[in-house]
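What follows is each chain in one-letter form.
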Amino acid sequence: MKHPIVLGLQYGDEGKGKITDSLAKQSEWVIRFNGGSNAGHTLWVNGKKLVTHSVPSGVLYSHVKNYIGAGCVLDPVSLKKELAEISQSGSALKGERLRIDSRAHLTLPIHIVLDAARESGSKSIGTTRKGIGPTYTTKMDRCGIRVGDLFESGIQDKVRFLCDTYNAMIRAQDLSESSFEDNWKVVELAQELLREHVASDPTPFYDIAKTHKCVLEGAQGVLLDLDHGTYPYVTSSNTLPSAAAAGTPFPLSRLGAVIGVAKVYMTRVGSGPFETELDNEDGERIRAKGGEFGATTGRPRRVGWLNIDELRLAVRLSDCTHIVLTKADILTGEPVVKALNKGSLKEFPCWKSIYKDDSRTALSAELESYLSYVETEAGAKIVGVGTGSDRADFFWRGETPDFWA
Ligand code: IMP
Ligand code: MG
């Protein structure tokens, strides 16, 4: 058996949560391989909103187990809050239901201080300020704190060394330090919170993946990939399918369909190039209709038309086999739809309704013809369309593919 990977083909916030949720329902494991509390996955269930950050999107199904891979970074303070919210929504994530790789790195207060310091300078990236970049930095610098370290005797020394090393840099910039005591408090919280969830087995999925359905859930999007995105305006992890193998103990030979999620228009949070940006009334209207405000930071997202040139690039970089296009309902009734292709902005008649008729068995002719154009130009088939915010608002275009073939 091979297992699907869900990832964003744009700058994050493509609506991956919905398709992951629908695949999660049929799976036994949902696995995260990159990112941390910078991610914000909004799930709507029966009109109730749940935003997850670090935990995988399988949380809403009691039969699903969730795994946070070594390629992720984890902020214990943020996780504690998240687990409390999930438990209020009636789905407690006890022990076995949430496994956290002992090799994942912890985001501590010093990382958040470093992120803020870097962002207050003149060359800011517009990060989420969740300490993501600095956590990956100390990981590469080999003085980061891993989840497994929490339960080893050398933990005090490790935290002290991290603080000493990086506070020296903070001092050099005349900024206020992050004390050992502040960091230690979070370490103690993490020791209590994470003990029941730690996974140390180096190869659990070698056998699991032979017989049990899994979904690998990406965070952010291909165009924010550290290496292949719009550097330096990127996140600090890899977001391509290859990261699913690098950031988890998941066998490479078991990775299968790549499901790329894109919006019918585009959004971006933070700085960086955005060729089709609508810095005008049209952009404001779409932002309001689409609720385009960051799930993690509340920042208004920058809004623009679909860039098919970038979509084609993302399809090729990710070797995407299926596209899911989300938020078609947000553009319903717009005077026109535009998309950038081969360097020029093209206009299309907009759909007045999502569906052809009340039977809801076919999409309207205008939407169909737009989808056909986009998939031909982007180079991968559009298999599904997001038609509204609720979990049920989804249309499979043609037969639902078997993603575990
Ligand atoms: P960082 O990941 O917090 O370091 O932020 C780096 C860039 O990635 C900024 O432009 C952020 O707005 C963007 N970013 C990070 N995570 C997400 C996400 O989950 N959705 C959308 N943009 C994100
Ligand atoms: Mg998001």
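In short, a report on the structure.

Cut-offs applied
- Residues numbered from 1 in each chain as written.
- Chains lettered and ligands numbered in written order.
- Predicted model: local features only at pLDDT ≥ 70, side-chain atom pairs only at ≥ 80, totals over all residues.
- Heavy atoms only, no water.
- Helix = DSSP H or I, 4+ residues; strand = E, 2+ residues; numbered from the N terminus.
- Rg over C-alpha atoms; globule rule 2.2 N^0.38 Å.
- Buried < 20%, exposed > 50% of the residue type's maximum accessible area, 1.4 Å probe, protein only.
- Donors = N, O, S within 2.8 Å, 3.2 Å for Na, K, Ca; no water.
- Pairing = 2+ DSSP bridges.
- Arc of directions from axis to C-beta.
- Contact = heavy atoms within 4.5 Å.

### Quick word on the overall build of the protein chain
Move 1: In terms of regular secondary structure, the protein chain is built from 12 helices and 18 strands.
Move 2: A globule of 405 residues ought to have a C-alpha radius of gyration of about 22 Å, and the protein chain, at 21 Å, matches this closely.
Move 3: Over its C-alpha atoms, taken along the principal directions, the protein chain stretches across nearly 65 × 50 × 35 Å.
Move 4: Within the protein chain, buried positions represent 57% of all 405 residues.

### Some thoughts on the coordination of the magnesium ion (ligand 2)
Move 1: Bound to the magnesium ion (ligand 2) are the protein donor atoms D13 (OD) and G40 (O), situated 2.0 to 2.4 Å from the metal. You can see D13 sitting in the loop between β1 (3–8) and α1 (16–24) and its partner G40 sitting in the loop between β2 (29–32) and β3 (41–45), a full 27 residues away along the chain.
Move 2: Classification of G40 as buried rests on a relative accessible area of 15%.

### Side note on the pairing of β2
Move 1: Side-chain alternation along β2 places W29 and I31 on one buried face and V30 and R32 on a second face that is also buried.
Move 2: Pairing of β2 with strand β5 (residues 65–68), which is carried by 4 bridges, proceeds in the parallel orientation. Paired with R32 across the bridge in β5 is I68.
Move 3: Here 4 bridges tie β2 to strand β10 (residues 214–221), and the two strands are oriented parallel to one another. Counterpart to I31 in the pairing with β10 is L216.

### Considerations on helix α7 (residues 204–211)
One full turn of an α-helix is made of 3.6 residues, so residues set three or four places apart face in the same direction.
Move 1: For α7, the set of buried residues is P204, F205, I208 and A209. Viewed along the axis of α7, the buried residues span an arc of 100°, placing them on a single side of the element. Facing away from the buried side of α7 by over 90 degrees, the exposed positions are Y206 and T211.
Move 2: Buried positions along α7 lie against β1, β2, β5 and β10.

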